[in-house]
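Geometric and topological summary
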Amino acid sequence: MIEAAIDLLLGAQNEDGGWGAVKGKRSNTESTSFALMALKSLDDKPFNRQTAAGLKWLLQHQRDDGSWSLNDASKQSSWTTPIAVLALLPFQDQREHALRAAKWVLTQEGGKPGWVASLLVRLSLVKKMTELDPYLSGWSWTAGAFSWVEPTSYSLMALKKLKGSLDGTNCEERIRQGELLIYDRMCENGGWNYGNSRVLGEALWPYPEVTAVALIALQDRATNDANQISLRALGVMMREAASGTALSWGILCLTLYNQNLQEWKRILVKNFEKTRFLGETKAVALALLASGKGASLFRV
Amino acid sequence: MMNRREFIKVSAVASLSSLAGGCGPSVRWDRDAYRKTATSRVAILEAKSYRASLEDIISHGIHLFKLDVKGKRIVLKPNLVEFDPKGVINTDPAVIEAAISSFRSLGAREVVVAEGPGHRRDSEYLLTASGIYDVINEHRARYVDLNTDDVRRTKLRSSFTNLSELYLPETLFNADLLVSMPKLKTHHWAGVTLSLKNMFGVVPGSVYGWPKNALHWAGIHGSILDINSSLPIPQFAIVDGVVGMEGNGPLQGQARHSGVLILGDDLAAVDATAARLMTIEPRKIEYLEMAGRFLGNISHERIELVGERLERFQQNYRVIEHFQALKVLTG
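Residues numbered from 1 in each chain as written. Chains lettered and ligands numbered in written order. Predicted model: local features only at pLDDT ≥ 70, side-chain atom pairs only at ≥ 80, totals over all residues.

Structural notes on the overall build of chain A
Looking only at helices and strands, one finds 14 helices and 2 strands in chain A. Relative to a compact globule of 300 residues, whose C-alpha radius of gyration would be 19 Å, chain A shows 19 Å and is just as compact. Based on the C-alpha atoms only, the size of chain A along its principal axes is roughly 60 × 45 × 35 Å. Per-residue burial over chain A gives 54% buried out of 300 residues. (Helix = DSSP H or I, 4+ residues; strand = E, 2+ residues; numbered from the N terminus. Rg over C-alpha atoms; globule rule 2.2 N^0.38 Å. Buried ≥ 20, exposed ≤ 12 C-beta atoms within 10 Å, placed from the backbone.)

Some thoughts on helix α2 (residues 29–41) of chain A
With 13 residues, α2 of chain A ought to run about 18 Å at 1.5 Å a step, and its terminal C-alpha atoms sit 18 Å apart, in line with that. Counting buried residues along α2 of chain A, 13 of its 13 residues qualify, which places the element largely inside the surrounding structure. (Expected span 1.5 Å × (residues − 1).)

Digging into the interface of chain A and chain B
Of the residues lining the interface, 38 residues belong to chain A; the matching set on chain B comes to 33 residues. Contributing elements (two or more residues each) for the side of chain A that touches chain B: α6 (115–122), α7 (125–129) and α12 (244–256) of chain A. Grouping the constituent residues of the side of chain A that touches chain B by class yields 24 nonpolar, 10 polar and 4 charged. (Contact = placed C-beta atoms within 7 Å. Nonpolar A, V, L, I, M, F, W, Y, C, P; charged D, E, K, R; others polar.)

Considerations on the environment of R95 of chain A
All names here are of chain A. Looking at the element boundaries, R95 is found in helix α5 (residues 95–107). Given 14 C-beta atoms within 10 Å, R95 falls into the partly exposed group. C-alpha separation for the pair R95 and S165, spaced 70 residues apart in sequence, amounts to 9.9 Å.

Describing the packing of helix α4 (residues 81–88) of chain A against α5 of chain A
Residue and element names in this part refer to chain A. Running from N to C, α4 and α5 cross one another at 155 degrees; their axes reach a closest spacing of 9 Å. Relative to α5, α4 is oriented roughly antiparallel. For the pair α4 and α5, the sense of crossing is left-handed. Counting all contacts with α4, which are made through T81, P82, A84, V85 and L88, the residues of α5 involved are H97, A98, A101, A102, W104 and V105. A breakdown of the residues in the contact of α4 with α5 according to their chemical character gives 9 nonpolar, 2 polar and no charged. (Axes fitted to C-alpha atoms, helices over the stretch in contact; angles between N-to-C directions. Parallel < 35°, antiparallel > 145°, perpendicular 65-115°, else oblique. Left-handed = near helix turned anticlockwise from the far one by under 90°.)

Focus on the nonpolar core
Counting 190 residues, the largest nonpolar core has L76, A99 and L261 of chain B as its most contacted members. Residue contacts for L76 of chain B: discarding those within four places in its chain leaves I96, A99, I100, V111, V112, V113, V179 and M181 of chain B. (Core = buried A, V, L, I, M, F, W, Y, C linked by C-beta atoms within 7 Å.)

Section: the pairing of strand β8 (residues 183–187) of chain B
All names here are of chain B. Most of β8 sits out of view: 5 of its 5 residues are buried. Burial of the side chains of β8 extends over both faces: K183, K185 and H187 are buried on one face and L184 and T186 on the other. Here 2 bridges tie β8 to strand β10 (residues 235–246), and the two strands are oriented parallel to one another. Along β10, the bridge assignment pairs K183 with D240. Here β8 pairs with strand β9 (residues 191–193) via 3 bridges, running antiparallel. Within the sheet, the bridge partner assigned to K185 lies in β9 and is T193. Linking two consecutive strands that pair antiparallel, namely β8 and β9, is a turn of 3 residues. (Pairing = 2+ DSSP bridges.)

Notes on α12 of chain A
The terminal C-alpha atoms of α12 of chain A lie 18 Å apart, and with 13 residues this matches the ideal 18 Å at 1.5 Å per residue to within 8%. Most of α12 of chain A sits inside the fold, with 12 of its 13 residues counted as buried. Every buried residue of α12 of chain A is listed here: G244, T245, A246, L247, S248, W249, G250, I251, L252, C253, L254 and T255 of chain A. Its buried side turned inward, α12 of chain A meets α10 (208–217), α11 (225–240), α13 (262–275) and α14 (281–291) of chain A together with α4 (123–130) of chain B. Phi turns positive one or two residues past the end of α12 of chain A, at N258 of chain A, with a value near 55 degrees.

A few points about the environment of K70 of chain B
All names here are of chain B. Summarising the element assignment, K70 is placed in the loop between α2 (54–64) and β2 (73–78). With 9 C-beta atoms counted inside 10 Å, the residue K70 sits in the exposed group. Separated by 34 residues in sequence, K70 and R104 have C-alpha atoms that sit 8.7 Å apart.

Structural notes on the packing of α10 of chain A against α11 of chain A
Residue and element names in this part refer to chain A. Two numbers describe how α10 lies on α11: the axes approach to 9 Å, and their chain directions differ by 150 degrees. Between α10 and α11, the angle is such that the two are roughly antiparallel. With respect to the hand of their crossing, α10 and α11 are arranged in left-handed fashion. Side by side, α10 and α11 meet where P208, T211, A212 and L215 of the first sit next to N227, S230, L231, A233, L234, M237 and M238 of the second. The residue inventory of the contact of α10 with α11, partitioned by class, reads 8 nonpolar, 3 polar and no charged.

A look at the pairing of strand β7 (residues 177–181) of chain B
All names here are of chain B. With respect to burial, β7 is a largely interior element, 5 of its 5 residues being buried. Both faces of β7 are covered, namely the face carrying L177, V179 and M181 and the face carrying L178 and S180. As paired elements, β2 and β7 share 5 bridges and run parallel to each other. Paired with P78 across the bridge in β7 is M181. Note that β7 and β10 share 3 bridges and pair parallel. Counted as the bridge partner of S180 is A237 from β10.

Quick look at unusual backbone geometry
Comment: phi is negative for the bulk of residues other than glycine, and the bulk of peptide bonds are trans. Residue and element names in this part refer to chain B. With an omega of 5 degrees, the peptide bond between W210 and P211 qualifies as cis. With respect to the helices and strands, the residue P211 is situated in the loop between α7 (205–208) and α8 (213–218). Following G249, the chain continues to P250 via a peptide bond in cis, the omega torsion being 15 degrees. Among the structural elements, P250 can be located in the loop between β10 and β11 (254–264). In this structure, K66 is a non-glycine residue whose phi angle is positive, near 50 degrees.

Examining the environment of E115 of chain B
Residues and elements named next belong to chain B. If you trace the backbone, E115 turns up in strand β3 (residues 110–115). Placed 36 residues apart in sequence, E115 and V151 show a C-alpha to C-alpha distance of 14 Å. In this structure E115 touches K77, P78, L80, L146 and G201, once residues within four positions along its chain are discounted.

If you want it as structure tokens, here you go:
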């Protein structure tokens, strides 16, 4: 699988050095970041030219405020910024770029209910609809919108990796709040979906890929009951949802939690042969990260 | 009419949906967003099961509207939100398969299946688990994940939200006809989710998130109107009402067999008819009532039904407590 996945990834690199969501699509920050991480993790097979071109694309697209937009068509700063931080950190001489981005991440905060919704919370109507604490502060997909699990998890990973260099900021407090938010959104029997555990009194089911991403963000709380329950839930989910993205994130997570992986890696290879993960850059890159030493790039 | 207590309940649901929803619209649309004609036609066609000859039924429906698809690129936009092996969340693969075959046999240049799932980013999982991957593979149809497609900034033709523009997927700009293929379902924030609400899925998650919360904050009803008024190509609707969903839709409701496909080229009229089929008053659905002012016809006097009679398939679909007021038909 590894050779075929590398071919897919290299074949999808655009002339501008970046990667789109699938071959032929415009380069974007998320795909380019994961592709770069994948190539960087293959240190026994250096792809120096392709890596240098990808890194150049990423650096050229960092905005003056330290953030990244999704791509050239969408100019506003975006949720992809902490993922770009993770991609830059393995490059020794790019720490300043990563730090600038982390400082931008600290300026971002998910929206909270306005006065009408607050009034309805006080009237206890919210409890009936979504059983979550809407005042916890995390990160949203778009500026000003509500905080959700996945963007909060990416931000936590980036900040935890850089917190030693972020003295004098509110980094520790934002990390604490972000963790509280993720735990608050946990599903009934462990794991996470996009970020609602219950709606209108009905329990919602967790997703393996989001559960893995959340657990990676919370890896330094590994002994917490919630982490352990969710880790068990992840194993069950990975059996049911054997996509490239779900399996790869799952393997990366289980590696960081020192779990046995051999069976999952076999399934990953088998499933790649079936769908080639739809040729999605992120899924293919994650599969390469999961197959090799990629988990170290997510260790906080 | 809704009484005060009912109004407060329905309004509360709309306000709170920014935690998954939104706020109230103001009325405005550009001249080129006005699509309402004197009358509209909607086809109710019997389809007893997913094993019925759905291709023949859909082809017949397309003929009824004299839809010229020869040489055109058609985008089929099913409803693919999540997957629950015990549920009936998504447009059934058999209906998608039949639509691919129908449009091809009528001479379409290309039939693309495209969706931007609203909750789950993992398209590979959704496609394989739902059975849609096998259909696409077997028919060698192209699938586009609208969540990660290239995007184009588009000025909105109406202003029911405070968004003046939206990013829309390039795939829409490169096609000739967009076919909304929703499941016949109730919806716990919007009342019903049909061909107009289904267009939430064309808005790219890479820009607006999973869920597309920026739109919820802008207001679900207003967003549905602004998206639909601003789509760059003509639309058609094929509603999968073979088995619908009642109760706590769009994810956790119960299956209800209705045995129909509902087709039409006026999406507001199709949705109004589908709502009546569920014994839900379309004029009490905020976005449908407003759509009836400029996007199409929702008044039954202005909708000519072809195919089967509505009454033959009309059933009392359950709705959640907050939406009981929608259950009183006013005409």
